[in-house]
Amino acid sequence: MTFTLGPRATSAGYRLAAFDQIGSTNAEALLSARAGERGPIWFVTTEQTAGRGRRHRPWIAPRGNLASSILEVLSVQPGVAATLGFAAGLALESALAKLSVEAVLRSPESDDLKFSLKWPNDLLAGRQKLAGILLEAEAVAEGLAVVVGIGTNVVAAPTDTPTPATSLKTLGVDISAEELFTALSDDWAEFRGVWDNGRGFAEIRRLWLDRAAGLGQAVAVRAGGEPIEGTFDTIDEQGCMIVRTAAGGRVPVTAGDVYFGNAASAGAR
Ligand code: BTN
């Protein structure tokens, strides 16, 4: 199969650069921005050999998985650009929900196919990580080149991750990376429109909180120093996670690895 944009993405003017194999779709997108590309353009592959994840972790996509990055040059502040990750989570959740209807009907009682969004930028199926999102940005002549990279485990998942991972294939969702990409490109066009260069973040935030994993649960966030422990209260108008501590404080968290429930005490160590 070949990669194609959905009808909504095509009519909204998106373009596509598809690769049989590539090191990193995020790196390729940033290279093209440095060479003058302004987007919006998708960079996609089903085999990524030197991909990058958050917190400098690798993200290798064996053939059959989906590595996709959308590049756009925007006139927004970096803090505003960072909130685009929440729109990306919503777009991916929407695409996956449509494509997994048959599998859900086969096992209606199972929680394994309940998709949720884990702060800051993961998509969970049940309690397992199905996809991750990495935002990167760089100043260029006309503004800020913003790259939103979305990696989805379609046929295979890594086994050595901090949060257990799964794939669509393991969950009984029999679709290809190409099919997922077409749906994702259309849902991206929709949620990118709602986000509206940050002006629509209040609505994105509301939709994201409706699908948030772990709201109201015990949480521990590790970001290098002392872990922050408490209850996951909400996300604020900047997209920070708000942790309510035992002492009653509300601590805004900008980055870190998040552990919920029983894993919160283990993750805090
Ligand atoms: C995470 O750590 O959870 C984020 C993973 C992001 C991986 C995607 S795959 C497409 C894009 N290209 C990359 O090199 N990384 C992102």
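Here the structure is shown first, and the text comes after it.
The present account deals with the structure reproduced in this document. (Residues numbered from 1 in each chain as written. Predicted model: local features only at pLDDT ≥ 70, side-chain atom pairs only at ≥ 80, totals over all residues. Heavy atoms only, no water.)

## Focus: the packing of aromatic side chains
Throughout the structure, instances matching the rule amount to 6 aromatic pairs. On the numbers, 6.0 Å between centres and 80° between planes, the contact of Trp42 with Trp188 is edge-to-face. One end of the pair, Trp42, is in strand β2 (residues 41-45); the other, Trp188, is in helix α6 (residues 177-195), with 146 residues separating them in the sequence. The two residues Trp42 and Trp188 agree in class, both being buried. Each residue in the set Phe3, Trp42, Phe181 and Trp188 is aromatic and connected to the rest through ring pairs, giving one cluster. (Phe/Tyr/Trp six-rings, centres within 6.5 Å; stacked < 30°, edge-to-face > 60°. Helix = DSSP H or I, 4+ residues; strand = E, 2+ residues; numbered from the N terminus. Buried < 20%, exposed > 50% of the residue type's maximum accessible area, 1.4 Å probe, protein only.)

## Some remarks on the site of the ligand
Of all residues adjacent to the ligand, which total 20 residues, the nearest are Ser24, Thr25, Arg52, Arg54 and Lys129. A distance of 3.0 Å separates a nitrogen atom of the ligand from a polar side-chain atom of Thr25. Of all the elements in the fold, those that place two or more residues in the shell around the ligand are α2 (25-34), β3 (66-74), β6 (128-140) and β7 (143-152). Among the elements that take part in the shell around the ligand, β6 stands out by supplying 4 residues, more than any other. For the shell around the ligand, the class distribution of residues is 5 nonpolar, 11 polar and 4 charged. (Near = heavy atom within 4 Å. Polar contact = N/O pair within 3.5 Å; in protein donor to acceptor, adjacent residues only side chain to side chain. Nonpolar A, V, L, I, M, F, W, Y, C, P; charged D, E, K, R; others polar.)

## A short note on the sheet that holds strand β8 (residues 218-222)
The 5 strands lie next to each other as β11-β10-β9-β8-β12, forming an open sheet whose pairing is antiparallel. Sheet topology places β11 (250-253) and β12 (257-260) at the edges, where each strand pairs with a single neighbour. On average, each strand axis in the sheet is inclined to that of its neighbour by 45°, with strand direction left out of account. Examined bridge by bridge, strand β10 (residues 241-244) and β11 share 4 bridges and lie antiparallel to one another. Across the sheet, residue Arg244 finds its bridge partner in β11, namely Arg250. (Pairing = 2+ DSSP bridges. Axes fitted to C-alpha atoms, helices over the stretch in contact; angles between N-to-C directions.)

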